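Each chain, written out:
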Amino acid sequence: MKFIIQRDRLVQSVQDVMRAITSRTTIPILTGIKMTAAEEGVTLTGSDSDISIESFIPKEESGNEIVEIKQPGSIVLQAKFFSEIVKKLPTDFVEIEVLNHLQTVIRSGKSEFNLIGLDAEEYPHLPQIEENNKFQIAADLLKAMVRQTHFAVSTSETRPILTGVNWNIENGELNCIATDSHRLALRKAKIEAGSDVSYNIVIPGKSLNELSKIIDDTNDLIDIVITENQILFKAKHLLFFSRLLEGNYPDTSRLIPNESKTDITVNTKDFLQAIDRASLLAREGRNNVVKLATHEGGVIEISSNTPEIGKVIEEVQSETVTGEELKISFSAKYMMDALKALEGTDINISFTGAMRPFVIRPLNDETILQLILPVRTY
């Protein structure tokens, strides 16, 4: 194998596939990047058997030559070293050549590295996915939906199904739900899919997080193909495979209250900053709890008291408060995560009592909501 390639394009592709590679794998060859040179260009692959990423660098793009293939072939190179090397090479072009016994030479300018490669034949094959039923979603919408839900997945392995995001697709609408049983994030959107397409799957939160870092913030459509135990995202020159979690996701629809006893409308930024300041003294404690109380005239009092450190009281002027007076305690971290995920300048918070879950929504937007369970404080 021998080819010459633009360094920037190689660095970008290496960074993309590195997102799937972990040092903690039980299959030693998966600590490497597989590189294949063929007539049409160079393909890089990284995998940890949960996530697999394939990045393709075409021979030329819009008239510019990116890769010059001198001899096709393939090799697996230690990802840790290869990625560091290509980042630090001195010139804009890199020549990569595999000699006998998998010796790989990387040349750029006056710099030359020799790496010992592994046989690409031994690299596990990527899942072969039949593309009969696929649907499409714009990249920027996909990124937004991931950002607004994935943070609420559980980090504990006691209920593995909750470490994923539930995607439910019906009637051309995609519903994404994540919950760790203390809070819940929901986002829905219309998608380009036939009315007969319906799925109910759970995608690992980690996979979605890595995916959103790789895809560009454009309105290019991404093809999505779902099989029994895999999901494939296809962007331009990029394939992203993830395994799906097995098991049934709990029915969360009954958690979301229909009625409310107290409603608050408040400026998102003011409210977020007040919670942030109130949590400064609560952070030390294991619980990071802040209290919220409504008062006459639409004043919301946010306070936090940590006996051995001190206390803080904040007042935020709401736009409207309707319903019963309320005192409630909740995790400042959960509240801040939820507020950062919402779009829009104003939010509406609906409470159904001090011990019941409450719902946060942007004003005039039905596609997204955050739900948080309060904390008992005596």
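For the structure itself, look to the data block above.
Description of the structure in this document. (Residues numbered from 1 in each chain as written. Predicted model: local features only at pLDDT ≥ 70, side-chain atom pairs only at ≥ 80, totals over all residues. Heavy atoms only, no water.)

1. Observations concerning the overall build of the protein
In terms of helices and strands, the protein carries six helices and 28 strands. Once the C-alpha set of the protein is aligned to its principal axes, its extents read approximately 80 × 55 × 40 Å. Within the span of the protein, comprising 378 residues, buried residues form 52% of the whole. A sequence separation of at least 24 residues applies to 67% of the contacts in the protein between residues at least 6 apart. About 19,000 Å² of surface is accessible on the protein, with carbon and sulfur atoms providing 46% of the total. (Helix = DSSP H or I, 4+ residues; strand = E, 2+ residues; numbered from the N terminus. Buried < 20%, exposed > 50% of the residue type's maximum accessible area, 1.4 Å probe, protein only. Contact = heavy atoms within 4.5 Å. Areas by Shrake-Rupley, 256 points an atom, 1.4 Å probe, with all protein chains shown as cover.)

2. So, the nonpolar core
Side chains of nonpolar character tend, in soluble globular proteins, to be buried together. Phe3, Met35, Phe82, Trp167 and Phe233 are the most contacted members of the largest nonpolar core, which has 67 residues in total. Residues contacting Trp167, with those up to four places away along its chain left out, are Leu142, Leu174, Asn175, Cys176, Tyr199, Asn200, Ile201, Ile203, Leu208, Ile224, Ile231 and Phe233. If you look at the next biggest cluster of nonpolar residues, it comprises 30 residues, including Ile264, Leu272, Ala338 and Leu339. (Core = buried A, V, L, I, M, F, W, Y, C linked by side-chain atoms within 4.5 Å.)

3. Observations concerning the sheet that holds strand β7 (residues 67–71)
Strands sit in the order β7-β1-β9-β10-β11 across an open sheet of five strands; the sheet is antiparallel. With partners counted over all chains shown, the strands left at the sheet margins are β7 and β11 (111–116), one partner each. Each strand axis lies, on average, 15 degrees off the axis of its neighbour in the sheet, ignoring direction. Of the pairings in the sheet, the one linking strand β1 (residues 2–6) to strand β9 (residues 93–98) comprises five bridges and is antiparallel in character. Looking across to β9, one finds that Gln6 is bridged to Phe93. Across the face of the sheet, helix α1 (residues 7–18) comes into contact with β1 and β9 while running at roughly 95 degrees to β1. Along the sheet face, helix α2 (residues 79–88) touches β9, β10 (103–108) and β11 and points at about 170 degrees away from the line of β11. (Pairing = 2+ DSSP bridges. Axes fitted to C-alpha atoms, helices over the stretch in contact; angles between N-to-C directions.)

4. Focus: the packing of helix α3 (residues 139–147) against helix α4 (residues 205–214)
The N-to-C vectors of α3 and α4 enclose an angle of 140 degrees; their axes lie 9 Å apart at closest approach. Considered as vectors, α3 and α4 are oriented oblique to each other. Two packed elements cross with a definite hand, and for α3 against α4 that hand is left-handed. Residue-level contacts link Leu142, Lys143 and Val146 of α3 to Leu208, Asn209, Leu211 and Ser212 of α4. A class-by-class count of the residues in the contact of α3 with α4 yields four nonpolar, two polar and one charged. (Parallel < 35°, antiparallel > 145°, perpendicular 65-115°, else oblique. Left-handed = near helix turned anticlockwise from the far one by under 90°. Nonpolar A, V, L, I, M, F, W, Y, C, P; charged D, E, K, R; others polar.)

5. Concerning the sheet that holds strand β18 (residues 230–235)
Pairing is antiparallel in the open sheet, where eight strands are placed in the order β8-β2-β3-β4-β19-β18-β17-β12. Because the sheet does not close on itself, it has two edges, and the strands there are β8 (73–78) and β12 (134–138). Recorded for the sheet is a direction-independent mean angle of 20 degrees between the axes of neighbouring strands. Two strands pair when backbone bridges link them, and strand β17 (residues 221–226) and β18 are joined in this way by four bridges, in the antiparallel orientation. Among the inter-strand pairings, Val225 is bridged to a residue of β18, identified as Leu232. Sitting on the sheet, α1 is in contact with β2 (32–38), β3 (41–47), β4 (51–58) and β19 (238–243), with an inclination near 170 degrees to β4.

6. Description of the pattern of salt bridges
Counted according to the given criterion, the structure contains 18 salt bridges. Lys87 is the partner of Glu84 in a salt bridge, and the nearest nitrogen-oxygen pair spans 3.6 Å. You can see Glu84 and its partner Lys87 sitting in helix α2, three residues apart, about one turn around the helix. Glu84 gets classed as partly exposed once you look at its relative accessible area, which sits at 37%. Assessed through its relative accessible area of 41%, Lys87 is described here as partly exposed. (Salt bridge = Lys/Arg side-chain N within 4 Å of Asp/Glu carboxyl O.)

7. Quick look at the packing of aromatic side chains
In this structure the tally under the stated criterion is five aromatic pairs. Taken together, a centroid distance of 6.5 Å and an interplanar angle of 40 degrees make the contact between Phe135 and Tyr199 tilted. Placement of the pair is Phe135 in strand β12 and Tyr199 in strand β16 (residues 199–204), with a sequence separation of 64 residues. Tyr199 shares its class with Phe135; the two are buried. Relative to Phe240, the ring of Phe233 lies with its centre 6.2 Å away and its plane at 70 degrees, an arrangement referred to as edge-to-face. Across the pair, exposure class does not vary: Phe233 and Phe240 are buried alike. Every member of this aromatic cluster is reached through a ring pair, and the members are Trp167, Phe233 and Phe240. (Phe/Tyr/Trp six-rings, centres within 6.5 Å; stacked < 30°, edge-to-face > 60°.)

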